[in-house]
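Spelled out from the first residue to the last, the chains are:
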Amino acid sequence: MEISLNVNGTAHSLEVPANTLLSDILRERLRLTGTHVGCDTSQCGACVVHVNGDAVKSCTVLAGQANGASVTTIEGIGTPDDLHPMQTAFRDNHALQCGFCTPGMIMSAIELVEKNDGLTEQAVRDGLEGNLCRCTGYHNIVKAVLAAARQM
Amino acid sequence: MYAFSYHKPATAQEAADLMASADEGAYLAGGMTLVPTLKQRLAAPSDVIDLTGIHGLRGIRTLDGKVKVGATTRHAEVAANEHIPVLADLAGRIGDPHVRNCGTLGGSVANSDPAADYPAAVVALDATVHTNKRAIAGDEFFKGLFETALEDGEIVTAVDFRAPSAAAYAKFPNPASRYAVVGVLVARYGDQVRVGVTGAGPCAFRAANIEAALAADFRPGAVDDVGIDYGDFNADLHASAEYRGHLVRVLAKRAVAQIGSADSG
Amino acid sequence: MTAETGIGASVKRKEDARFITGTGRYTDDVSAPGQSYAVFARSPHARAKLGGIDTSAAAASDGVVAVFTGADLQADGIGDLPCGWMVKSKDGSDMVQPPHPPLAIERVNYVGEPYAVVVAETLEAAKNGAEAVQADFEELPAVVDLKNAAAADSIHDAAPNNQCYDWELGDGAATDAAFERAHHVTRLHIVNNRLIPNAIEPRAALGEYDAAAGSYTLHTTSQNPHLERLVLAAFVNVAPEAKLRVISPDVGGGFGSKIFVYAEETAVIWAAGKLRRPVKWRAERSESFLADAHGRDHVTDAELALAEDGEFLGLRVRTKANMGAYLSTFASSVPTYLYGTLLAGQYKTPAIHVQVQALFTNTAPVDAYRGAGRPEATYVVERLVETAAREIGMDPSDLRRRNFIQPDDFPYETPVALTYDTGDYEASLDKALAHADYAGFAARKAASEASGNKRGIGFSCYIEACGLAPSQVAISLGAGVGLFEVGEVRVDVTGSVTVTTGSHSHGQSHETTFAQIISEKLGVQFENVTVLHGDTGRSDYALGTYGSRSLAVGGSAIVKATEKIVAKGKKIAAHILEAKEDQVDFADGVFQVVDSNQSLTFGEVAFAAYVPANYPLEELEPGLSEKAFYDPPNFTYPAGAHICEVEVDPQTGVVRIEKFVAVDDFGHIVNPMIVEGQVHGGLAQGIGQALLEHGVYDETGQLLSGSYMDYTMPRADDLPSFLVDTTTTPCTHNPLGVKGCGEAGAIGSTAAVMNAVTNALGVTELPMPATPETVWRALREA
């Protein structure tokens, strides 16, 4: 099927099989490999991107559902010279180790901060319910999100 | 995923026609259950019919003490709506933020997953499930494990919930999946009490004996002596049927306590 | 100049620049032109005879390029997957190593075991093909229960009673004598639950064959690419070692599970050669659950003999260890040399005897998972000690103090074959008690009880043996390889430095930590140091990353290489400055003639080495690049004290961690920020074992906890923020005085949590994980 979508500000028209996932479109067709896939039951959150402003698991979005959408991925939120405050906070607080969950974690965290005022530690922990990290024990991720919330 | 054709009809009629003409059709609402099922090749529909393009199915309206939630309204939208606080609270605890951004009310109730949250609200909040063909009383909607009163091809269009005078939802989440191991919604409508239970049995149900006990004495302690028959309750790695039976009581008491403290506060 | 980036500084990580911008390069991010996709046909049965395999329908399926079975690999000379550590039973006989073909032949022995691989033009076509493979299975009764495995049908003809080995360590007679004179004996039956590692990046492999060169390149998710290459070349016969390059690019976590050489990458690299085109495979999470090596899974009866004053007299441990269906790469060493040797813990227990019977079952192979044997040992010792304290009415911290090895006892030879070099266990315990506000616990407990909840506190004073390992010791105990590490320090013409290491970072931060060592030792700007790893084409043969060894062994190799750089630099500087070599000092990046104002910067010396205009070429080779292999003289012994405080909701059985304190002695620390992060992650895994995680098979051998819907991974809202601190006794035998920190959190924390939960409940034994229902039942029965 033919779909069009805007990814990180660039419009794309693509011919893809209907049984293609947004995560595969991003990774395989557009070579935006920052979006990772870590599970097959929509739990781990490594694949989280923003679709029309909402954080969603791109491994659970069919090509047809993404048709016409505006998508922002980890590659679209900042540049090495002009990082998003959440990216800076993750680096400054050592909120990542192997880096695999990081793109999805950052994308979730950005939405969490943008949609909630006055975040507490517990609210951050609850808000990251949809993202698994096996390296950090979440301690520094929580710190980073709270730090970014003060900046954003 | 096996190959399939994808459709995004603009009307319920068009959707129903597509379903009728498909070898094996599947409706897609938010996709939170269907897409993982497809990914694991546990289903092989010939046609996937996305209902989110149907006009008028998304949104929340109030009318005569009822709140009508369109079938393709996302959990996050319900969670942010203030008309029925207990419904917002329940919706805000479904799955995780990403599920709430995609998952829909209609998808959840039509699926009748025994561990889904919304069904507790459908039975406890005296709901009416509207379809493209008829209106079904909430009490009559859930028929069994992944079974509802829906006929083949029938589409949920909206659910009306009756606003309670006070209510609370107590949930014991599955530690792994975050579905409900047990969820109990206690709602007061004046002197009447409705108690909806999800997670415990094959599908959501009203706990008549707890309702009776609470109608007589609306305090947590009133639930202590209610017999809970867990004979046909679910059992899995996370909870035995007996433990689920125990949780029904504990959560019902907590919901009552929460209502009580809200009343007094 | 380098104080801000040298040893001891919490420098921000170099790695992060790419990881936070989505430009990391993991195996699945690498694609080769014309690549095909592999999908494995996996056994649905835990145990079955594998009759004929009909691949015709699969081969005819759209887009399928080829279908291979175990017989195809065997016919091409592909060998079995070996186990690299020979353990001998107490009667002197060798362990049983059953044949382990990469793709099953004749028998399948666990659910998920691959028996065919389908290669196709697309992933979906390969999946279709894999579904079309028809195999005749004749089901046999599965052996699943470890406790009864020895009495069940033999899974392997070579292993009667399903026994792999029956090993012992320590003095049985002396231990028996100790129990005979004991005033009190504490006994526990302990099940150490099976865990599934679950690095968030699933395993993956991309095999390529270069027909012109006759060489293979394998990108794969390995913690030790050189070991992968050695095994695939020397044992599996995929290709000669020199014709096989293994690259582990960015790897998304390992925790042990990516040490091992698996069937999948073996089949992928072999098929790439057969098909003369690239072949790619990436595990789906459900495959990871089924076919990654699992961890732990012990059943133990343990007894501690005490004198009247609480002195430990003897320890007796009987363990059954689950090997799963086959011996994974290092499986045999985990419940023996990484377990039995640690049973002295931090204590002067004079007599210890341990027997370990390793058994095969029809479950996924079990091998090293973060801590690997040491968490199991710590759990046995620390649960026993805490229980003993409760039984004899002594404060658990006092009983530990009564028995600690004291600072002036070092070096201390344990009754279980290790010699601890240094430590100060009481210092860590004191600090942990202060952080935990132990004195205030009674008041907090009273407050919890007033609100209808229960509260408990638990300790764990662990020790681990890290820095694997002195090669000759390990080889004498059965290791099939040396366990040294290599570091190469290449000074560039402009004075920047490129380091290659054989160890591998999959979250450990080598690019930062090793650059700090260079910054410190050579005075080079941190920004001007690049650390390369994970490529057999770049570094010499070495052993990779596991057992908290990277800094203690790999870092030491780099230090040795910098010493050679400095020594050569002094010669160059002496020549240019017309001084005697022994009159040249090197500090902060400057070569200085003593008692003079004559000096050269490190960059000037490097330039002179590569542009040797004024250079003693007749005595000294040009260039400035040095390499060192480092073989550690002993293990390192990180140790610490963990204290956990929990509150239990008696209505639901939910356990909530109120406070977790970890005070660890890792020796010197290069980057405190990174070390703290390693501790946090380890704690989460140890707490996960105690409260959440459980790999469960049903009686037919089907994995019930086979996805994130059922296997409970710790999430942010399951955990508290941690309070971590350190004490320091530098390691006495490596140049950095470091010990290793990667596993400590996972080793120490589990016992602390379970000691706290049992304290809250007032029970002696409680199975792990302490799920709400488990706790609720324990309370009901108490």
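Owing to the predicted nature of the structure, the values given are computational and were not obtained by experimental measurement. (Residues numbered from 1 in each chain as written. Chains lettered and ligands numbered in written order. Predicted model: local features only at pLDDT ≥ 70, side-chain atom pairs only at ≥ 80, totals over all residues. Heavy atoms only, no water.)

### Let's talk about the side chain of C:S705
Residues and elements named next belong to chain C. Turning to its location among the elements, S705 is positioned in the loop between α17 (672-691) and β28 (723-727). Of the polar contacts made by the side chain of S705, one reaches the backbone oxygen of H694; its length is 3.2 Å. At 2.9 Å, the side chain of S705 forms a polar contact with the backbone nitrogen of V696. (Helix = DSSP H or I, 4+ residues; strand = E, 2+ residues; numbered from the N terminus. Polar contact = N/O pair within 3.5 Å; in protein donor to acceptor, adjacent residues only side chain to side chain.)

### Focus: unusual backbone geometry
Residue and element names in this part refer to chain C. Across the junction of F410 and P411, the peptide omega takes the value -5°, indicating a cis bond. Its location among the elements puts P411 in the loop between α10 (396-403) and β16 (412-413). Following M768, the chain continues into P769 via a peptide bond in cis, with omega recorded as -5°. If you trace the backbone, P769 turns up in the loop between α18 (744-761) and α19 (772-781). Backbone geometry places F255, a non-glycine residue, at a positive phi of 60°. With respect to the helices and strands, the residue F255 is situated in the loop between β11 (244-247) and α7 (263-275).

### As for the domain arrangement of chain B
Residues and elements named next belong to chain B. As assigned here, chain B comprises domain 1 (5-53), domain 2 (60-162) and domain 3 (166-264). If you average the C-alpha positions of domain 1 and of domain 2, the two centres end up 19 Å apart. Taken together, domain 1 and domain 2 are joined by 0 salt bridges. Counting the contacts that link domain 1 with domain 2 gives 1 residue pair in polar contact (both at pLDDT 80 or more). Of all the elements, helix α1 (residues 12-21) adds the most residues to the side of domain 1 that touches domain 2, at 4 residues. A per-class count over the side of domain 1 that touches domain 2 returns 8 nonpolar, 3 polar and no charged. (Domains from an automatic or database assignment. Salt bridge = Lys/Arg side-chain N within 4 Å of Asp/Glu carboxyl O. Nonpolar A, V, L, I, M, F, W, Y, C, P; charged D, E, K, R; others polar.)

### Some words on helix α6 (residues 139-151) of chain A
Spanning 13 residues, α6(A) covers 19 Å between terminal C-alpha atoms, matching the ideal 18 Å at 1.5 Å per step. By the burial criterion, the buried members of α6(A) are A:H139, A:N140, A:I141, A:V142, A:A144, A:V145, A:A147 and A:A148. Buried residues in α6(A) make contact with α3 (85-92), α4 (102-115) and α5 (121-127) of chain A together with α17 of chain C. (Expected span 1.5 Å × (residues − 1). Buried < 20%, exposed > 50% of the residue type's maximum accessible area, 1.4 Å probe, protein only. Contact = heavy atoms within 4.5 Å.)

### Quick notes on the interface of chain A and chain C
The partner chain C presents 55 residues to the 46 residues of chain A that form the contact. A buried area of about 4200 Å², summed over both sides, lies between chain A and chain C, and 54% of it is on carbon and sulfur atoms. Joining chain A to chain C, the criterion identifies 3 salt bridges. Residue C:D28 pairs with A:R27 through a salt bridge whose shortest N-O separation is 3.0 Å. Taken together, the links from chain A to chain C amount to 28 residue pairs in polar contact (both at pLDDT 80 or more). Of all the secondary structure elements, the ones that give two or more residues to the side of chain A that touches chain C are α1 (22-29), α3, α4, α5 and α6 of chain A. (Buried area = accessible area lost by both parts, 1.4 Å probe.)

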